[in-house]
Amino acid sequence: MNLTRSEINEMRRVRLSSSVRASKMTPVEVAAQEIPGGNEHQVFQTANGKRALKITNPPGFGAEGELLSYLDNLVLNNYLHGDDMRVEAFLEASAGLQIVITQPWIQGTPALEEEIRCFMIGRGFGLIRENSWCSVETGIRIFDARPANIFKETETGMLIPIDVHIKVPASILEEAWSEQQTREAEGSYEL
């Protein structure tokens, strides 16, 4: 199925409005401690230690600064990496709208450059420039794949992307949003 960009945008708007969770707790009540973050978020570990809680720095959303691109990236990380990123709330700040998301807390350390290289090549990606990879087979492009954004899990030694940026062909984006909607309909919510 070939969709136009406007059809994809409308699909995202409809699915987002039906899938956003309204958290009953404020970030301050949920967060136990702030973790030094990047340029895109304030980062906290939840009080129970199970999830990272991230609040976007206004006025933009993520690396590209656009709301829909930011939400696409969350869904694509869930789809391609098996992550569990969740939109928890929207906050109004003096500098603009903020999005509160959570994802599983990864107990580990930043991966080494060589580990990331082996990980990406093993998944069928070729280096296109520093920290940027592309799969010729699928057209998927992954950016910002650097040690701060890919962790090596302490217990398993597995590499876990936690904050990479993904661009995909429209067909994969449609499939990812469809799977996200299904996951949210079937899943239970526990912060």
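Scroll up for the structure.
Residues numbered from 1 in each chain as written. Predicted model: local features only at pLDDT ≥ 70, side-chain atom pairs only at ≥ 80, totals over all residues. Heavy atoms only, no water.

Trainee: Teacher, can you tell me more about helix α3 (residues 67–81) here?
Mentor: Counting along an α-helix, one turn takes 3.6 residues, and residues three or four places apart therefore face a common direction. The terminal C-alpha atoms of α3 lie 21 Å apart, and with 15 residues this matches the ideal 21 Å at 1.5 Å per residue to within 8%. Extensive coverage of α3 is indicated by the burial of 12 of its 15 residues. All of the buried residues in α3 are Leu68, Ser69, Tyr70, Leu71, Asp72, Asn73, Leu74, Val75, Leu76, Asn77, Asn78 and His81. (Helix = DSSP H or I, 4+ residues; strand = E, 2+ residues; numbered from the N terminus. Expected span 1.5 Å × (residues − 1). Buried < 20%, exposed > 50% of the residue type's maximum accessible area, 1.4 Å probe, protein only.)

Trainee: I'm lost on the sheet that holds strand β7 (residues 126–129) in this one. Help?
Mentor: Adjacent strands of a sheet form backbone hydrogen bonds with each other and so pair up, either parallel or antiparallel. Reading across the sheet, the four strands line up as β7-β8-β9-β12 and stay open at both edges, with antiparallel pairing between neighbours. Pairing within the sheet leaves two strands with one partner each, and these edge strands are β7 and β12 (165–167). Averaged over all pairs of adjacent strands, the angle between their axes in this sheet comes to 25 degrees, without regard to strand direction. Here three bridges tie strand β9 (residues 141–143) to β12, and the two strands are oriented antiparallel to one another. When the sheet's bridge partners are listed, Arg141 is paired in β12 with Lys167. Along the sheet, α3 contacts β9 and β12; its crossing angle with β12, the most-contacted strand, is approximately 90 degrees. (Pairing = 2+ DSSP bridges. Axes fitted to C-alpha atoms, helices over the stretch in contact; angles between N-to-C directions. Contact = heavy atoms within 4.5 Å.)

Trainee: Where do I start with the pairing of strand β3 (residues 51–56) in this structure?
Mentor: Looking along a regular strand, one sees the side chains alternate between the two faces of the sheet. Counting buried positions along β3 yields six of six residues, so the element is predominantly enclosed. Where burial is concerned, the two faces of β3 agree: the one with Arg51, Leu53 and Ile55 and the one with Ala52, Lys54 and Thr56 are both buried. Summarising the sheet, strand β2 (residues 41–46) and β3 pair through five bridges and their orientation is antiparallel. Within β3, the residue paired with Val43 across the bridge is Lys54. Linkage of β2 to β3, two consecutive antiparallel strands, is achieved through a turn of four residues, within which Gly49 is found at a positive phi near 75 degrees. Of the pairings in the sheet, the one linking β3 to strand β5 (residues 96–104) comprises five bridges and is antiparallel in character. Opposite Ile55, over in β5, you have Val100 as the bridge partner.

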